[in-house]
Amino acid sequence: QLVSIPHADSLLHADCDGVEVDCEISPYSSQLAGKGPCHTSWFVATLRLSSGISVVLVLRGPHCSSQEEAEERNAMLHPKLRIPMSKEGTLLTTVEFQSSSRNTSLHTHLGSSVTLDCRFALAPSSSFSSLEWRRQHQGSGRSLFQYQVGTAGPAAQPKVHVDVVELLGSGDASLSLQGVSVEDEGTYICLVSTPQHQAQHIIQLHVAEPPRVRVVPAVVSFERDVTTTLTCHIAGYYPLDVSVSWTQKTPEDDTEIPLSNARFSSHRQSRDGTYSITSYLSISSATVRAPATYSCRVSHVALAEPISVSAHLKAPEQTGSGGLVGGFIATVIFVIVLFVVLRRR
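Here goes a summary of the coordinates provided. The residue count restarts for each chain, going from 1 along the sequence in the order it is written. Side-chain atom pairs in this predicted model are given and counted only at pLDDT of 80 or more, local residue features only at pLDDT of at least 70, and totals for whole chains, interfaces and linings cover all residues. With hydrogens and water stripped out, all remaining heavy atoms of the structure feed into the side-chain values.

## With respect to the overall build of the protein chain
Turning to step 1, where the next piece is worked out: A tally of regular secondary structure across the protein chain gives 4 helices and 23 strands.
Turning to step 2, where the next piece is worked out: Only protein chains enter the area calculation, which uses a 1.4 Å probe; residues under 20% of their type maximum are buried, those over 50% are exposed, and those in between are partly exposed. Classification of the 345 residues of the protein chain by burial places 36% in the buried group.
Turning to step 3, where the next piece is worked out: Of the contacts made within the protein chain by residues no fewer than 6 positions apart, 59% connect residues no fewer than 24 positions apart.
Turning to step 4, where the next piece is worked out: Each accessible area value is a Shrake-Rupley result obtained with a 1.4 Å probe; residue values ignore everything except the protein chains displayed when judging cover. Total accessible area on the protein chain is roughly 20,500 Å²; 52% of this is exposed by carbon and sulfur atoms. The secondary structure listing takes helices from DSSP runs of H or I that are at least 4 residues long and strands from runs of E that are at least 2 residues long, numbered from the N terminus. Two residues form a contact once any of their heavy atoms are found within 4.5 Å.

And the structure:
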């Protein structure tokens with residue numbers, strides 16, 4: 001029974017789909033099968049697709065079945081690898097062990113659940129012996145899950161899970177993470193072993209959380225000789241890098257005008273690992289025109305597009321001579337009406 005190559009359709013149609021394929025083949029090990037030049041050669045082939053698929057193949061080369069065949073192949077040894085080749089200069093191999101992953105890089109949000117895909121298949125001549133998942137981040141690493149054939153299996157963990165039944169039955173070595181936090185970000189390594197070989201997949205897990213943005217006060221009344229400070233609160237984002245800017249727009253402006261006089265607090269980190277920052281914009285009645293709209297614009301890697309939250313500066317109320325005359329007329333009318341009513345009584 002031959003081992004099939006996973007994701008064969010993606011490999012066959014990669015060129016048509018505009019997917020780049022990176023292929024590396026190197027000798028794995030050699031096991032002598034008797035004296036003379038006749039021996040079994042092993043290779044490991046790694047295929048990486050730009051779409052995120054990764055495939056590792058452990059390949060077994062030909063071995064001689066007779067002295068006559070050995071002598072014939074001895075004349076066709078590869079000059080560097082020293083392995084027997086056909087007269088056409090090719091080498092026919094069989095897949096003894098393959099493992100694959102659909103994703104080499106995953107992005108997720110805080111509190112979500114994610115599955116790190118890792119699968120394998122073996123030829124009848126090989127047998128599964130162990131699985132280990134490891135996580136590395138910022139120079140430190142630790143083992144998350146270990147299983148050895150013949151043991152009772154690992155104890156249940158609240159956030160990390162591998163279905164051992166599926167592992168032994170179908171070769172599904174995928175790792176499930178529940179309630180992802182900032183601390184779960186890093187490089188995950190799936191290491192599948194047989195008694196003779198190992199294959200590993202590296203998966204990058206990126207955690208990103210979008211910011212919450214609020215501007216106070218939302219409405220500002222224009223007052224002469226008064227300076228008002230607008231405050232833009234940006235909170236709950238991860239990772240750290242965030243861009244904050246202010247703009248102003250009046251009815252006479254065709255576009256928003258960037259402002260450069262904003263002030264910023266330092267970054268603050270919460271217990272859940274997310275960050276926050278505050279930006280301040282001072283507006284003075286001596287230098288601004290009302291009505292106007294002031295917008296706090298925030299860009300972050302977790303946002304598909306920037307968030308813009310606005311505060312509105314109201315125009316001053318009309319208190320000129322026209323208003324005084326109108327008030328005087330209304331008062332006179334009220335007095336006349338009151339006089340007429342009292343006289344009739």
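From this point, things continue past the structure.
## Quick notes on the sheet that holds strand 12 (residues 186–193)
Turning to step 1, where the next piece is worked out: What the 5 strands build is an open sheet, ordered 5-13-12-8-9; its pairing is mixed. Taken across any chain shown, the strands that pair with only one partner, and hence form the sheet edges, are strand 5 (105–108) and strand 9 (140–148). Taken pair by pair, the neighbouring strands of this sheet meet at an average axis angle of 20°, ignoring direction.
Turning to step 2, where the next piece is worked out: Examined bridge by bridge, strand 5 and strand 13 (residues 198–207) share 4 bridges and lie parallel to one another. Following the sheet pairing, His107 is matched in strand 13 by His206. Here a strand pair is declared whenever DSSP counts at least two bridges between the two strands. Every angle, taken between N-to-C directions, lies between 0 and 180 degrees, and every axis is a line fitted to C-alpha atoms, over only the stretch in contact when it is a helix.

## Comments concerning the state of the cysteines
Turning to step 1, where the next piece is worked out: Here, the term disulfide refers to a pair of cysteine sulfur atoms separated by no more than 2.5 Å. Here the structure, examined in full by the defined rule, presents 2 disulfides.
Turning to step 2, where the next piece is worked out: Between the sulfur atoms of Cys118 and its disulfide mate Cys190 the distance is 2.1 Å. With the S-S dihedral at roughly -80°, the linkage between Cys118 and Cys190 falls on the left-handed side. Within this pair, whereas Cys118 is found in the loop between strand 6 (114–116) and strand 7 (119–122), its partner Cys190 is found in strand 12, the two being separated by 72 residues in sequence. The residues Cys118 and Cys190 share a single accessibility class, namely buried.
Turning to step 3, where the next piece is worked out: The disulfide partner of Cys232 is Cys296, and the gap between their sulfur atoms is 2.1 Å. Given an S-S torsion of about -80°, the disulfide between Cys232 and Cys296 has left-handed geometry. With a gap of 64 residues between them, Cys232 in strand 16 (residues 227–237) and Cys296 in strand 22 (residues 292–299) connect regions that are remote in the sequence.

## Some thoughts on the nonpolar core
Turning to step 1, where the next piece is worked out: Formed by 53 residues in total, the largest nonpolar core has its most connected members in Leu131, Trp133 and Leu175.
Turning to step 2, where the next piece is worked out: When residues of this core are assigned to domains, at least three fall in each of domain 1 (8–207) and domain 2 (212–313).
Turning to step 3, where the next piece is worked out: As used in this record, nonpolar core signifies buried Ala, Val, Leu, Ile, Met, Phe, Trp, Tyr and Cys residues forming a set joined through side-chain atoms within 4.5 Å. The next biggest cluster of nonpolar side chains, apart from the first, holds 11 residues, and it includes Ala45, Leu47, Ile53 and Val95. Each domain's limits were defined by an automated method or a database of domain assignments.

## Examining the packing of aromatic side chains
The way to describe two aromatic rings as a pair is by their centre distance and the angle between their planes.
Turning to step 1, where the next piece is worked out: Centre distance within 6.5 Å is the pairing criterion for rings of Phe, Tyr and Trp, where only the six-membered ring of Trp is used; planes under 30 degrees apart are then read as stacked, over 60 as edge-to-face, and the remainder as tilted. The full count for this structure, using the stated rule, is 3 aromatic pairs.
Turning to step 2, where the next piece is worked out: Each ring, one from Tyr237 and one from Tyr275, has its centre 6.4 Å from the other, and the planes form 35°; the classification is tilted. Taken as a pair, Tyr237 in strand 16 and Tyr275 in strand 21 (residues 275–284) lie far apart in primary sequence, 38 residues in all.
Turning to step 3, where the next piece is worked out: Every member of this aromatic cluster is reached through a ring pair, and the members are Tyr237, Tyr238 and Tyr275.

## Let's talk about the pairing of strand 22
Turning to step 1, where the next piece is worked out: Alignment of strand 17 (residues 243–249) against strand 22, held across 7 bridges, turns out to be antiparallel. Among the inter-strand pairings, Gln248 is bridged to a residue of strand 22, identified as Tyr294.
Turning to step 2, where the next piece is worked out: Note that strand 22 and strand 23 (residues 307–314) share 7 bridges and pair antiparallel. Bridging from a neighbouring strand, Thr293 pairs with His312 of strand 23.

## Observations regarding the pattern of salt bridges
Turning to step 1, where the next piece is worked out: By definition here, a salt bridge exists when the distance from a side-chain nitrogen of Lys or Arg to a carboxyl oxygen of Asp or Glu is within 4 Å. In total, this model carries 7 salt bridges according to the counting rule given.
Turning to step 2, where the next piece is worked out: The shortest N-O distance in the salt bridge between Lys159 and Asp184 comes to 2.5 Å. Of this pair, Lys159 sits in the loop between strand 9 and strand 10 (160–161) while Asp184 sits in the loop between strand 11 (175–177) and strand 12, and the two are 25 residues apart along the sequence.
Turning to step 3, where the next piece is worked out: Residue Lys159 is classed as partly exposed on the basis of its relative accessible area, which comes to 28%.
Turning to step 4, where the next piece is worked out: Several salt bridges converge on common partners, so that one network encompasses Arg102, Asp117, Arg119 and Asp172.

## What about the sheet that holds strand 22?
Note on sheets: strands pair through backbone hydrogen bonds, and any given pair is parallel or antiparallel.
Turning to step 1, where the next piece is worked out: With mixed pairing, the 5 strands of this open sheet are ordered in space as 15-23-22-17-18. Both edges of this open sheet fall to strand 15 (219–221) and strand 18 (257–259), since each of them pairs with a single strand only. Averaged over all adjacent pairs, the angle separating strand axes in this sheet is 25°, with direction ignored.
Turning to step 2, where the next piece is worked out: Pairing analysis gives 3 bridges linking strand 15 to strand 23, with the strands arranged parallel. Each bridged residue has a counterpart across the sheet, and for Val220 the counterpart in strand 23 is Leu313.

## Brief notes about unusual backbone geometry
Turning to step 1, where the next piece is worked out: The peptide bond linking Val216 to Pro217 adopts the cis configuration, its omega dihedral lying at -10°.
Turning to step 2, where the next piece is worked out: Inspection of the secondary structure assignment puts Pro217 in the loop between strand 14 (212–216) and strand 15.
Turning to step 3, where the next piece is worked out: Cis geometry marks the peptide bond from Tyr238 to Pro239; its omega dihedral reads 5°.
Turning to step 4, where the next piece is worked out: Summarising the element assignment, Pro239 is placed in the loop between strand 16 and strand 17.
Turning to step 5, where the next piece is worked out: Phi at His7 takes a positive value of approximately 55°, unusual for a residue other than glycine.
Turning to step 6, where the next piece is worked out: You can see His7 is positioned in the segment before helix 1 (8–12).
Turning to step 7, where the next piece is worked out: Residue His7 is classed as partly exposed on the basis of its relative accessible area of 23%.
Turning to step 8, where the next piece is worked out: With phi around 50°, Gln138 is a residue other than glycine that occupies positive phi space.
Turning to step 9, where the next piece is worked out: Note on placement: Gln138 falls in the loop between strand 8 (130–137) and strand 9.

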